[in-house]
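Residues per chain are reported as follows:
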Amino acid sequence: MDKALLVKDALDRKIIASLQANARQSTASIAAALGVARTTVHERISRMEERGVIKGYSVVLGQADETPMVQVIVQLSVNQPETAKIISRIGAYLEVKQCLSVNGEFDLIIIAEAPRIEDLDVLTDEFGAIPGVIRTKTHVVFSRRIDRN
């Protein structure tokens, strides 16, 4: 079932947005900000948890030295029988944050980040050298216009 259908109304969306901004805030502070009763917020959150709209809460780790990270998106075209081996190799790189299987001209999309563009340059070269990778296309991310992570 589509999770969007399980969100009751604009109030649910506002509660979700508030939790995405700070999942540790109290139901009382969310209620005060939205101008509704604390019990209303509590009941709405409980219902969204029960229905699977809200699956959990997580911790977002900061960087120890606050070094800004450079991010790249790497598209890979691969020899299909070797996909699992390629994904296993890519998963060994700590810079890799996500590996997505997609349709279209490319088969995999890799999102990676590191403190220096030079590190990512080496990384993308290494991706291209993995047996079974047919070709790569790399995009450097300049900024995040919307980030709901």
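For the structure itself, consult the block above.
Just so it is clear, the model here is predicted, and its values are computed rather than measured. (Residues numbered from 1 in each chain as written. Predicted model: local features only at pLDDT ≥ 70, side-chain atom pairs only at ≥ 80, totals over all residues. Heavy atoms only, no water.)

### Quick look at the overall build of the chain
Reasoning step 1: Each helix and strand in the chain was counted, giving 6 helices and 4 strands.
Reasoning step 2: Sequence-ordered secondary structure for the chain, helices as α and strands as β, is α-α-α-α-β-α-β-β-α-β.
Reasoning step 3: For 149 residues, the compact-globule formula gives about 15 Å, and the C-alpha radius of gyration of the chain, at 20 Å, lies well above that figure.
Reasoning step 4: Viewed in the frame of its principal axes, the chain has a C-alpha envelope of about 60 × 40 × 25 Å.
Reasoning step 5: In the chain, buried positions account for 30% of the 149 residues.
Reasoning step 6: Taking the intrachain contacts of the chain between residues at least 6 apart in sequence as the baseline, contacts between residues at least 24 apart amount to 65%.
Reasoning step 7: Counting 19 positive and 19 negative side-chain charges, the chain places the averaged centre of each group 9 Å from the other. (Helix = DSSP H or I, 4+ residues; strand = E, 2+ residues; numbered from the N terminus. Rg over C-alpha atoms; globule rule 2.2 N^0.38 Å. Buried < 20%, exposed > 50% of the residue type's maximum accessible area, 1.4 Å probe, protein only. Contact = heavy atoms within 4.5 Å. Lys, Arg positive; Asp, Glu negative; His and termini not counted. Charge placed at Lys NZ, Arg CZ, Asp CG, Glu CD.)

### Remarks on the pairing of strand 3 (residues 108-114)
Reasoning step 1: Among the 7 residues that make up strand 3, 7 are buried, leaving the element largely enclosed by the rest of the structure.
Reasoning step 2: Judged by which residues are buried, strand 3 turns out to be covered on both faces: Leu-108, Ile-110, Ala-112 and Ala-114 on one side and Ile-109, Ile-111 and Glu-113 on the other are all buried.
Reasoning step 3: As judged from the 5 bridges shared by strand 2 (residues 96-101) and strand 3, these two strands associate in the antiparallel manner. Bridge assignment links Val-96 to a residue of strand 3, and that residue is Ala-112.
Reasoning step 4: Between the end of strand 2 and the start of strand 3, which pair antiparallel, lie 6 residues, with Gly-104 showing a positive phi angle near 110°. (Pairing = 2+ DSSP bridges.)

### Some words on the environment of Ser-18
Reasoning step 1: On the secondary structure map, Ser-18 appears in helix 2 (residues 10-21).
Reasoning step 2: Of the residues examined, Ser-18 reaches a relative accessible area of 15% and is grouped as buried.
Reasoning step 3: Along the primary structure Ser-18 and Arg-89 are separated by 71 residues, whereas in three dimensions their C-alpha atoms are 38 Å apart.
Reasoning step 4: Excluding its chain neighbours within four sequence positions, the residues that come into contact with Ser-18 are Gln-25 and Ile-30.

### Thoughts on the sheet that holds strand 3
Reasoning step 1: Pairing within the open sheet is antiparallel, and its 4 strands lie in the order 2-3-1-4. The two strands at the open ends of the sheet, each matched to only one other strand, are strand 2 and strand 4 (133-141). Between one strand axis and the next, the sheet turns through 20° on average, direction left out of account.
Reasoning step 2: Note: strand 1 (residues 70-78) against strand 4, 8 bridges, orientation antiparallel. Within strand 4, the position partnered with Val-78 by the bridge is Val-133.
Reasoning step 3: Contacts between helix 6 (residues 117-129) and the sheet are confined to strand 1, strand 2, strand 3 and strand 4, with strand 1 contributing the most and set at about 10° to the helix. (Axes fitted to C-alpha atoms, helices over the stretch in contact; angles between N-to-C directions.)

### Things to note about the packing of aromatic side chains
Reasoning step 1: For the structure shown, the criterion picks out 1 aromatic pair.
Reasoning step 2: Each ring, one from Tyr-93 and one from Phe-127, has its centre 5.3 Å from the other, and the planes form 85°; the classification is edge-to-face. Of this pair, Tyr-93 sits in the loop between helix 5 (83-91) and strand 2 while Phe-127 is found in helix 6, placing the two residues 34 residues apart along the sequence. Across this residue pair, the class does not change: Tyr-93 and Phe-127 are buried. (Phe/Tyr/Trp six-rings, centres within 6.5 Å; stacked < 30°, edge-to-face > 60°.)

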